[in-house]
Amino acid sequence: MLEYAFCNELLAEDGLDLAEQARVARALGYAGLELGPATLAAEPHLLTAAEAQTIRDTVEAEGIRVTGLHWLLTPYPQASITNLERRDETREILTGLVDLCAALGGRMLVHGSPGQRLRPDGMSDGALTRHLADFFAPVAERCADRGVTYCIEPLASGETDVLTTVAQAASLVEAVDNPAFRTMIDISAAGQVEPPVADLIRKWVPTGLIGHIHANDTNRGGPGMGDDPFPEIVAALAEVGWPHPIGVEPFRTLIDARVTAGIGIATLRACEKALS
């Protein structure tokens, strides 16, 4: 049976505190929460070890766990992984978030953040890969030290022109050359850019370059809120033996966040049941 974690932003936006978010997730059958750092503090990379432990204890007291972090640079609009003038500041933020993830007991960090990955004018794909590999190499080393995995996320081409396919992100992974630095498949983005997602899963997961999966619909809702072929997608995940929690990451609600979270996991579990 696959495991699922719910990305917590919508629950936080509905006014639920962290303990209640964890209770809702646990009641629906989620194994954990995948946390957006912006829901934790204004500058989450500066949270102390004691503060991180309190967050971890709050989630684990409800019988689930923190599986990781995503939307890493949302609290930092000034940050950039492509602007040389901001690289040191941005790297400091990211290494702080790596430490936070490890302190929370998380397994992985997902780097999306399209606004903080703008391509410099005239930079080719090859030059961009070299630039990003140089930027991320120390972050990957910190991840290796802390026992977590950093996943660079291919995003939809409507959001960015920097890393929009798994193949492009995989080239960056190979350039960084550190097992703690991987890429991932976001079903919404991949479904827009390079469908069918089930084939993408079968192609890339066996390479070992994929560190995480996000389950969402191309319409930006959760599984079950659109027309994406989740039976085929779940079948592919089962076929390749996906071993980690899958982050259910809707960007909009149906009625409210609780209902949205319930529809998401119910849809995925129904797809699993159909395989038996």
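These remarks concern the structure in this document. (Residues numbered from 1 in each chain as written. Predicted model: local features only at pLDDT ≥ 70, side-chain atom pairs only at ≥ 80, totals over all residues. Heavy atoms only, no water.)

The next subject is the overall build of the protein. In terms of helices and strands, the protein carries 10 helices and 8 strands. A compact globule built from 276 residues would reach a C-alpha radius of gyration of about 19 Å, and the protein, at 18 Å, matches this within 12%. With respect to the principal axes defined by its C-alpha atoms, the protein has extents near 45 × 45 × 30 Å. Classification of the 276 residues of the protein by burial places 54% in the buried group. For the protein, contacts bridging at least 24 residues in sequence account for 80% of all contacts bridging at least 6. Summed over all atoms, the accessible surface of the protein reaches about 11100 Å², with 50% contributed by carbon and sulfur. Computed over 21 positive and 38 negative side-chain charges, the separation of the two mean positions in the protein equals 3 Å. (Helix = DSSP H or I, 4+ residues; strand = E, 2+ residues; numbered from the N terminus. Rg over C-alpha atoms; globule rule 2.2 N^0.38 Å. Buried < 20%, exposed > 50% of the residue type's maximum accessible area, 1.4 Å probe, protein only. Contact = heavy atoms within 4.5 Å. Areas by Shrake-Rupley, 256 points an atom, 1.4 Å probe, with all protein chains shown as cover. Lys, Arg positive; Asp, Glu negative; His and termini not counted. Charge placed at Lys NZ, Arg CZ, Asp CG, Glu CD.)

This paragraph deals with the layout of surface pockets. Estimates place the volume of the largest pocket at around 170 Å³. Split by residue class, the lining of the largest pocket holds 5 nonpolar, 3 polar and 5 charged. (1 Å grid on protein atoms, 1.4 Å probe; cavity = no way out; pocket = protein on both sides within 12 Å on 5 of 7 lines; lining within 4 Å. Points joined across faces, edges and corners; volume = space filled by probe spheres on them. Nonpolar A, V, L, I, M, F, W, Y, C, P; charged D, E, K, R; others polar.)

Here the focus is the pairing of strand β4 (residues 108-111). Where burial is concerned, the two faces of β4 agree: the one with M108 and V110 and the one with L109 and H111 are both buried. Of the pairings in the sheet, the one linking strand β3 (residues 65-69) to β4 comprises 2 bridges and is parallel in character. Bridge pairing links L69 to L109 in β4. Bridge count between β4 and strand β5 (residues 149-152): 4 bridges; the pairing is parallel. Bridging across to β5, L109 finds its partner in Y150. In this fold, β4 hands off to helix α5 (residues 125-146), which returns the chain to β5; that crossover is right-handed. (Pairing = 2+ DSSP bridges. Right-handed = clockwise from strand over helix to strand, strands pointing away.)

Where helix α8 (residues 197-204) contacts helix α9 (residues 230-240), the two axes come as close as 8 Å, and the packing angle between them is 10°. The orientation of α8 relative to α9 falls into the category roughly parallel. On the side of α8, the interface is formed by V197, A198, I201 and R202, while α9 contributes E232, I233, A236, L237, E239 and V240. Taken together, the residues of the contact of α8 with α9 sort by class into 7 nonpolar, no polar and 3 charged. (Axes fitted to C-alpha atoms, helices over the stretch in contact; angles between N-to-C directions. Parallel < 35°, antiparallel > 145°, perpendicular 65-115°, else oblique.)

Here we take up unusual backbone geometry. With an omega of 0°, the peptide bond running from P195 to P196 counts as cis. Along the chain, P196 turns up in the loop between α7 (187-193) and α8. A positive phi angle is found at R220, which is not glycine, with a value near 80°. Mapped onto the secondary structure, R220 falls in the loop between β7 (210-215) and α9. Here I255, not a glycine, exhibits a phi torsion of approximately 75°, which is positive. The residue I255 is located in the loop between β8 (246-248) and α10 (257-275) in this model.

Right, let's talk about the nonpolar core for a bit. L94, L109, F136 and Y150 are the most contacted members of the largest nonpolar core, which totals 80 residues. Here the element with the most residues in this core is α5; it accounts for 8 residues. Those residues in contact with F136, other than ones at most four positions away along the chain, are I81, L94, H111, Y150, I152, L172, V176 and F181. (Core = buried A, V, L, I, M, F, W, Y, C linked by side-chain atoms within 4.5 Å.)

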